[in-house]
Amino acid sequence: MTEDNPTQSDATPDGARTGVWLIGARGSVATTAVAGCAALASGMHPPTGMVTETDAFAGSGLPPLGQLVFGGHDTASCPLPKRAEHLVAGGVLPHGLPAAVYDGLAAADACIRPGGPLPGGSLSGGPLPGGSLRPSGAEGEDPREEDELIDAFAADITAFTRDNALARTIVVNVASTEGSCRGDDAAMPPSSRYAAAALRAGCPYVNFTPSTGLHHPRLRGEAGRRGLPHAGRDGKTGQTLLRSVLAPMFAQRALPVRAWSGTNLLGGGDGSALADPGAAAAKNAGKERVLADNLGGLPEGQLHIDDVPALGDWKTAWDHVAFDGFLGSRMILQTVWQGCDSALAAPLVLDLARIVARAHEAGIEGAVDGLGFYFKDPDSGPADLPGQWHELLALAGRLRAAA
């Protein structure tokens with residue numbers, strides 16, 4: 001084991017536990033995932049929305065939900081049990097759940113470490129309350145300080161893996177969206193610092209956000225060189241999920257799309273984060289890519305994201321599609337998607353942590369083929385949901401064969 005690339009277990013013995021280290025660990029998505037995992041493991045609720053709990057992944061050797069151990073980085077001080085109570089008040093979690101899974105929430109909270117700058121340091125870059133990330137500091141930051149910060153984050157992850165006797169730990173970024181990276185010479189944005197820390201700790205990495213993460217020029221290819229699997233980016237939970245079904249339908253039926261416009265109304269931490277034009281642009285890039293890849297080009301129209309604090313974790317997404325029919329007849333399709341963002345995202349986070357953990361155990365390196373089903377801006381594979389589904393089934397088969 002070397003200091004900057006500790007080796008995790010190559011095989012998971014029966015009963016061994018798997019770590020899930022969440023960046024933005026006290027945010028809504030992370031809290032919902034931790035509480036939900038405890039509820040499912042105890043049989044209190046069915047695994048609605050979890051593909052890994054369907055027959056498609058039977059016998060593929062995924063770590064059981066009851067053997068996942070949670071920790072993470074955040075600067076927020078509100079303990080997970082209290083955060084869960086807030087989500088009950090917002091209608092995200094069912095009444096009584098925080099009390100029923102209190103031990104699991106408290107255990108995870110005890111494993112959360114402060115993000116952000118080193119004590120007395122000048123670097124920013126930790127998660128803000130609610131699971132968001134602080135903006136990077138000014139250009140010209142001391143690269144040695146940045147390196148020390150990454151080392152400190154990596155040490156936290158390594159200690160978590162060691163102290164809990166875990167077979168491996170998967171680092172998952174569920175923090176709010178940051179602005180786009182400023183170029184090759186810029187200091188790493190916060191998401192990339194955490195991604196670098198994951199690699200130094202010898203951990204697979206999942207980017208559930210549109211933030212830069214492993215896509216920073218200084219990190220591209222690094223996970224493969226270290227023999228680690230990774231997946232990303234930007235979880236596909238609502239509007240873009242629907243677009244990945246509808247866009248190929250128009251293309252396959254030879255119905256030209258003239259314009260595709262949309263609006264997102266949302267509150268909570270994501271709403272406030274996406275009020276920043278840079279963060280909104282990063283978010284919209286993945287949504288636009290789904291249309292462009294499936295339609296052969298980006299049609300007219302814009303996508304607006306509006307912060308409505310009163311909505312909390314609830315989101316309304318509206319799409320207006322103008323298309324041509326036979327003999328030039330003008331037609332329109334309108335859709336409305338209303339849902340709870342955290343409840344849509346949490347089962348996907350659990351799915352991805354389990355699949356990537358199994359991929360690591362099976363010796364898969366680099367971008368994990370077959371996980372585009374979960375992302376707006378996947379590392380590889382088709383853009384349409386049916387095609388992505390078939391690739392995911394193929395991945396399940398590979399994992400089953402290796403079990």
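As a reminder, the structure under discussion sits directly above these lines.
Just so it is clear, the model here is predicted, and its values are computed rather than measured.

Asker: Explanation requested: the overall build of the chain in the structure shown.
Answerer: Counting its secondary structure elements, the chain contains twelve helices and 13 strands. A total of 403 residues make up the chain; the buried ones form 54% of that total. Considering only intrachain contacts with a sequence separation of at least 6, the fraction spanning at least 24 residues in the chain is 79%.

Asker: Sorry, what's going on with the pattern of salt bridges here?
Answerer: Side chains that differ in sign of charge can pair as their charged atoms come close. A complete count under the given rule lists 18 salt bridges for this structure. Arg 200 is paired through a salt bridge with Asp 147; the nearest N and O atoms lie 2.4 Å apart. One end of the pair, Arg 200, is in helix 6 (residues 190-200); the other, Asp 147, is in helix 5 (residues 143-163), and 53 residues separate them in sequence. A relative accessible area of 16% means that Arg 200 is categorised as buried. Residues joined by salt bridges that share partners form a network here, namely Arg 233, Arg 289, Asp 293 and Asp 377.

Asker: In this structure, what is going on with the sheet that holds strand 10 (residues 303-307)? I would like to understand it.
Answerer: Sheet strands associate in pairs through backbone hydrogen bonding, adopting either a parallel or an antiparallel arrangement. Sheet architecture is open: four strands sit in the order 10-9-11-12, paired in mixed fashion. Of all the strands in the sheet, just strand 10 and strand 12 (330-340) have a single pairing partner and so form its edges. Taken over all neighbouring pairs, the strand axes of this sheet differ in orientation by 10° on average, direction set aside. Inspection of the sheet shows strand 9 (residues 257-266) paired to strand 11 (residues 314-324) by nine bridges, in the antiparallel sense. Counterpart to Thr 263 in the pairing with strand 11 is Trp 318. Packed on one face of the sheet, helix 8 (residues 239-252) meets strand 9, strand 10, strand 11 and strand 12 and runs near 170° to strand 9.

Asker: It is not clear to me how the pairing of strand 1 (residues 17-23) should be interpreted in this structure. Could you clarify?
Answerer: Along any regular strand, the residues point their side chains to alternate faces of the sheet. For strand 1, a buried count of six out of seven residues is recorded, marking the element as mostly surrounded by other parts of the structure. Taken together, the seven bridges between strand 1 and strand 6 (residues 166-173) define a ladder with parallel strand orientation. The residue of strand 6 that forms the bridge with Gly 19 is Thr 169. For the crossover that starts at strand 1, traverses helix 1 (residues 28-41) and ends in the parallel strand 2 (residues 68-74), the hand is right-handed.

Asker: I tried to follow helix 4 (residues 102-110) on my own but got confused; where do I start?
Answerer: Since the α-helix packs 3.6 residues into each turn, any two residues three or four apart lie on the same face. When we look at burial in helix 4, the residues that qualify are Leu 105, Ala 108 and Asp 109. Taken around the axis of helix 4, the buried residues stretch over an arc of 100°, which confines them to a single face. Every exposed residue of helix 4 that faces more than 90 degrees away from the buried side is listed here: Asp 103 and Ala 110. Considering only its buried residues, helix 4 is in contact with helix 1, strand 2, helix 2 (80-89), helix 3 (97-100) and strand 3 (112-114).

Asker: How should I be thinking about the side chain of Asn 164 in this particular structure?
Answerer: Here Asn 164 is to be found in the loop between helix 5 and strand 6. Reaching out from Asn 164, the side chain makes a polar contact with the backbone oxygen of Phe 160 at a distance of 2.9 Å. Ignoring anything within four residues of it in the chain, the contact list for Asn 164 reads Arg 17, Val 69 and Cys 111.

Asker: Where do I start with the packing of helix 1 against helix 2 in this structure?
Answerer: Think of two packed helices as two axes; the pair is described by the angle between the axes and how far apart they sit. Between helix 1 and helix 2, whose axes approach to 10 Å, the crossing angle comes to 100°. Considering the angle they form, helix 1 stands roughly perpendicular to helix 2. Residues Ser 28, Thr 31 and Thr 32 of helix 1 lie in contact with helix 2, whose contacting residues are Leu 80, Arg 83, Ala 84 and Leu 87.

Asker: Please clarify how the pairing of strand 12 should be interpreted in this entry.
Answerer: The pairing of strand 11 with strand 12 spans eleven bridges and is classified as antiparallel. Paired with Thr 316 across the strands is Gln 338, a residue of strand 12. In textbook terms, the turn of a hairpin is the stretch between consecutive antiparallel strands, and for strand 11 and strand 12 this stretch comprises five residues, one of which, Leu 327, has a positive phi near 60°.

Analysis parameters
- Residues numbered from 1 in each chain as written.
- Predicted model: local features only at pLDDT ≥ 70, side-chain atom pairs only at ≥ 80, totals over all residues.
- Heavy atoms only, no water.
- Helix = DSSP H or I, 4+ residues; strand = E, 2+ residues; numbered from the N terminus.
- Buried < 20%, exposed > 50% of the residue type's maximum accessible area, 1.4 Å probe, protein only.
- Contact = heavy atoms within 4.5 Å.
- Salt bridge = Lys/Arg side-chain N within 4 Å of Asp/Glu carboxyl O.
- Pairing = 2+ DSSP bridges.
- Axes fitted to C-alpha atoms, helices over the stretch in contact; angles between N-to-C directions.
- Right-handed = clockwise from strand over helix to strand, strands pointing away.
- Arc of directions from axis to C-beta.
- Polar contact = N/O pair within 3.5 Å; in protein donor to acceptor, adjacent residues only side chain to side chain.
- Parallel < 35°, antiparallel > 145°, perpendicular 65-115°, else oblique.

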